[in-house]
Amino acid sequence: MAPISIDMLNIPLYALVAGAITFTYLSCKAARGFQSWKYSRENDCKPPLHSVSHGPFGISMILSMVKAGTEFRFPELIRGWHRDYGTTFKAKMGGRKAIFTAEPKNIQAVLALKFKDFELGPVRNEAARPLLGSNVFTTDGSEWEHSRAMLRPNFSRTRVSDTDIYESHVAKLIKHIPRDGSTVDMQNLFLRMTIDTATEFLFGESTNSLADLNPSAPGSTFAREWDIAQGGTATRIRIGPLMHFYYNPKFWKATKSTRAYAERLVQKAIDYRIAVNNGQKVPEEVQKLMDKQYVFSFELSKETLDKKQLTDQLLSILLAGRDTTANTLSITFFHLAKSPEIWNRVRQDVLALEGRRPTFNDLKSMTYMSWVLNETLRLYPIVPFNIRMAKKDTHLPVGGGPDGKSPLHVPKGYEIMYSVYTMHRSAEFYGPDADEYRPERWEKLRPGWAYLPFNGGPRICLGQQFALTEAGYTIVRIMQEFEAMESRDSRPFVQDLKLTMSSANGTMVGFTPVSVS
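As recorded by UniProt, the Cofactor (unreviewed entry) comment attached to the protein reads in full: "heme".

Okay, here's the thing in structure tokens:
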């Protein structure tokens, strides 16, 4: 019997190609489904109670996230989804397959116990790369390990505990606080102070934005461009694969300007290191600077002379060092202004210093102030929402089954979207008044993995103690100059989330200076 040829079947070539592609796709999908079934069976995994997809291909969920960001309600949108679908649920969003969770056990598994099963993922890294380049916030694996190893020595206890670095900038901030009781936006001043402090610490040259409040001054311009670049980066991360359709000329202009500013300062560190390595004379003003203070970029240049690598690493520290502290202070003062009893209780500890500047040990001993900062970071975690991607088939300890107590399979490529904001406001861990600002709850509270203001596991924030020390020092110094503060804003707190959480309406307050007897 003669063999049957393709010509005898009279099947067009394009139909054969399409059929082959379809067959391959279905075969791969079937194989993948079998692998998932097998893994789930071996690990007693069960599907979650809810798997959601809003609109065609789940695109409506992404659009809702973008819209919520522009309306200052992004964290509450995610929290609302958790109310509707549970602590852990699956979702499809425009090609992205995700598992949302606000369960401490699951977050601990992702960040620590199963750290090697997860990564930031190529989508998030690509979204942040135009501004931040390749650093601890945008890399995985050995590249991330190298970045962290470079940065870690620069956050030793000795350097973090040196409060002298804050004093000159806090003093400048205090000079801008009206003593006649008129209204001032403290968020604006805090953002200026922390970018001045951070740039001096990182580059040896401060932006000095507090020296000149003119919006067109170089320091103010850099701070403004930095904020625009952050906002665009946050949008790119939220829309994920759709980032290539995000058109925002202001974002690209601000990103270019920000990196150029940093690169100019990084070049000074490179020139210094080359001169030292070659036994050449270092410029007198640079040597005076090195004799006077520790400069992060100059020390980091011992590790590499690559301008891009240095710029990338330093911008990551600028992001953490400036925004974390400024926003924590702004939100804290927003609540202190509305709660005189909390202000007065913190100030009682401050008065015990009898006017002298606080040391690191003084700040550590102020228990109630630490409760206040804890409460701020609980209700308003600076990074309220984060993402990881599964590198291989793995599972979360809970979230599966009708009761949510069974393991939940996480297929390779799935994103884990965890909401610290939702977890921090859970009545299960913080009681029925979890939405209230009440520092006293920290007297006996030990929430463990239910409290993650600085992330957790191997990627825990390197600069957390630096941020808390600067925040505490600033609070004390302001309370030494002013005996009372009142709110000039009757509105409730409105969240503005870019890469970090801040107040959409600033921190509008008035002060009463200390009486001179």
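Let's pick the thread back up.
Trainee: Looking at this structure, how should I read the domain arrangement of the protein?
Mentor: Size of an interface: often given as the accessible area lost when the parts come together. As assigned here, the protein comprises domain 1 (45–132 + 383–442) and domain 2 (141–381 + 453–516). Distance between the C-alpha centres of domain 1 and domain 2: 28 Å. Between domain 1 and domain 2, the contact holds 41 residues from the first and 51 residues from the second. At the boundary of domain 1 with domain 2, total buried surface from both sides reaches about 4100 Å², with 66% on carbon and sulfur atoms. The three residues of domain 1 that bury the most area against domain 2 are L131, L132 and Y437, which together make up 21% of that side's buried surface.

Trainee: Would you take a moment to explain the packing of helix α11 (residues 218–239) against helix α12 (residues 249–277) for this structure?
Mentor: How two helices pack is summed up by the angle between their axes together with the distance between the axes. Between α11 and α12, the least distance of the axes is 8 Å, while the angle of their chain directions is 125°. The pairing of α11 with α12 is recorded here as oblique in orientation. As for the relative orientation of α11 and α12, their crossing is left-handed in sense. Facing F222, E225, W226, I228, A229, G232, T233 and R236 of α11, the residues of α12 in contact are K250, F251, W252, K253, A254, T255, S257, T258 and Y261. Of the residues that constitute the contact of α11 with α12, the class distribution is eight nonpolar, five polar and four charged.

Trainee: In this structure, what is going on with the pairing of strand β6 (residues 385–390)? I would like to understand it.
Mentor: For β6, the tally of buried residues reaches six of six residues, placing the bulk of the element in the interior. The side-chain alternation of β6 yields two buried faces, one formed by F385, I387 and M389 and the other by N386, R388 and A390. Where strand β4 (residues 118–119) meets β6, two bridges bridge the pair, whose relative direction is antiparallel. The residue of β6 that forms the bridge with E119 is M389. In terms of strand pairing, β6 meets strand β9 (residues 415–419) through five bridges, oriented antiparallel.

Trainee: When you look at unusual backbone geometry in this model, what are you seeing that I'm missing?
Mentor: With the exception of glycine, the majority of residues adopt a negative phi angle, and the majority of peptide bonds are in the trans configuration. If you check the backbone angles, D44 has positive phi at about 55° while not being a glycine. For D44, a relative accessible area of 58% corresponds to the exposed category. Look at F72: it is not a glycine, yet its phi comes out positive at around 60°. Here F72 shows up in the loop between α3 (59–70) and α4 (74–85).

Trainee: Please clarify how the nonpolar core should be interpreted in this entry.
Mentor: Within soluble globular proteins, side chains that are nonpolar generally end up buried alongside one another. If you look at the biggest cluster of nonpolar residues, it comprises 116 residues, and the most contacted ones within it are F100, L173, M186, I478 and F511. Counting residues per element, this core draws most heavily on helix α15 (residues 307–338), at 13 residues. Residues from two domains meet in this core; each of domain 1 (45–132 + 383–442) and domain 2 (141–381 + 453–516) gives at least three. Beyond its immediate sequence surroundings of up to four residues, L173 is in contact with M186, L189, F190, M193, L210 and I478.

Trainee: When you look at the packing of helix α9 (residues 164–175) against helix α10 (residues 186–203) in this model, what are you seeing that I'm missing?
Mentor: Closest axis-to-axis distance for the α9/α10 pair is 10 Å, and the angle between their directions is 150°. Comparing the axis directions of α9 and α10 gives the class roughly antiparallel. In the crossing of α9 with α10, the sense of the turn from one axis to the other is right-handed. Facing α9, whose interface residues are I165, Y166, S168, H169, V170 and L173, α10 presents M186, L189, F190, M193, D196, T197, E200 and F201.

Trainee: Please clarify how the side chain of H335 should be interpreted in this entry.
Mentor: Here H335 lies in helix α15. Polar contacts involving the side chain of H335 include one to the side chain of Y380, which spans 3.0 Å. Residues in contact with H335, not counting those within four places in the same chain, are Y380 and Y437.

Trainee: Just to check I follow, could you spell out the pattern of salt bridges for this structure?
Mentor: As a working rule, side chains carrying opposite charge can pair if their charged atoms are close by. Considering all chains together, one arrives at 30 salt bridges under this definition. Notably, a salt bridge pairs R264 with E205, separated by 3.3 Å at the nearest N-O pair. Taken together, the positions of R264 in helix α12 and E205 in the loop between α10 and α11 put the pair 59 residues apart, joining distant regions of the chain. Taking the relative accessible area as the measure of exposure, R264 reaches 40% and is therefore partly exposed. A residue is classified by how much of its surface remains accessible, and E205, at 26% relative accessible area, is partly exposed. Close ionic contact of R378 with E375 constitutes a salt bridge, the shortest N to O distance being 2.9 Å. With R378 and E375 both in helix α18 (residues 367–379) and three residues apart, the pair spans about one turn of that helix. One salt-bridge network, held together by shared partners, links E76, R79, R83, R425 and D435.

Cut-offs applied
- Residues numbered from 1 in each chain as written.
- Predicted model: local features only at pLDDT ≥ 70, side-chain atom pairs only at ≥ 80, totals over all residues.
- Heavy atoms only, no water.
- UniProt positions renumbered as here; feature names shortened; annotations may be inferred.
- Domains from an automatic or database assignment.
- Contact = heavy atoms within 4.5 Å.
- Buried area = accessible area lost by both parts, 1.4 Å probe.
- Axes fitted to C-alpha atoms, helices over the stretch in contact; angles between N-to-C directions.
- Helix = DSSP H or I, 4+ residues; strand = E, 2+ residues; numbered from the N terminus.
- Parallel < 35°, antiparallel > 145°, perpendicular 65-115°, else oblique.
- Left-handed = near helix turned anticlockwise from the far one by under 90°.
- Nonpolar A, V, L, I, M, F, W, Y, C, P; charged D, E, K, R; others polar.
- Buried < 20%, exposed > 50% of the residue type's maximum accessible area, 1.4 Å probe, protein only.
- Pairing = 2+ DSSP bridges.
- Core = buried A, V, L, I, M, F, W, Y, C linked by side-chain atoms within 4.5 Å.
- Polar contact = N/O pair within 3.5 Å; in protein donor to acceptor, adjacent residues only side chain to side chain.
- Salt bridge = Lys/Arg side-chain N within 4 Å of Asp/Glu carboxyl O.

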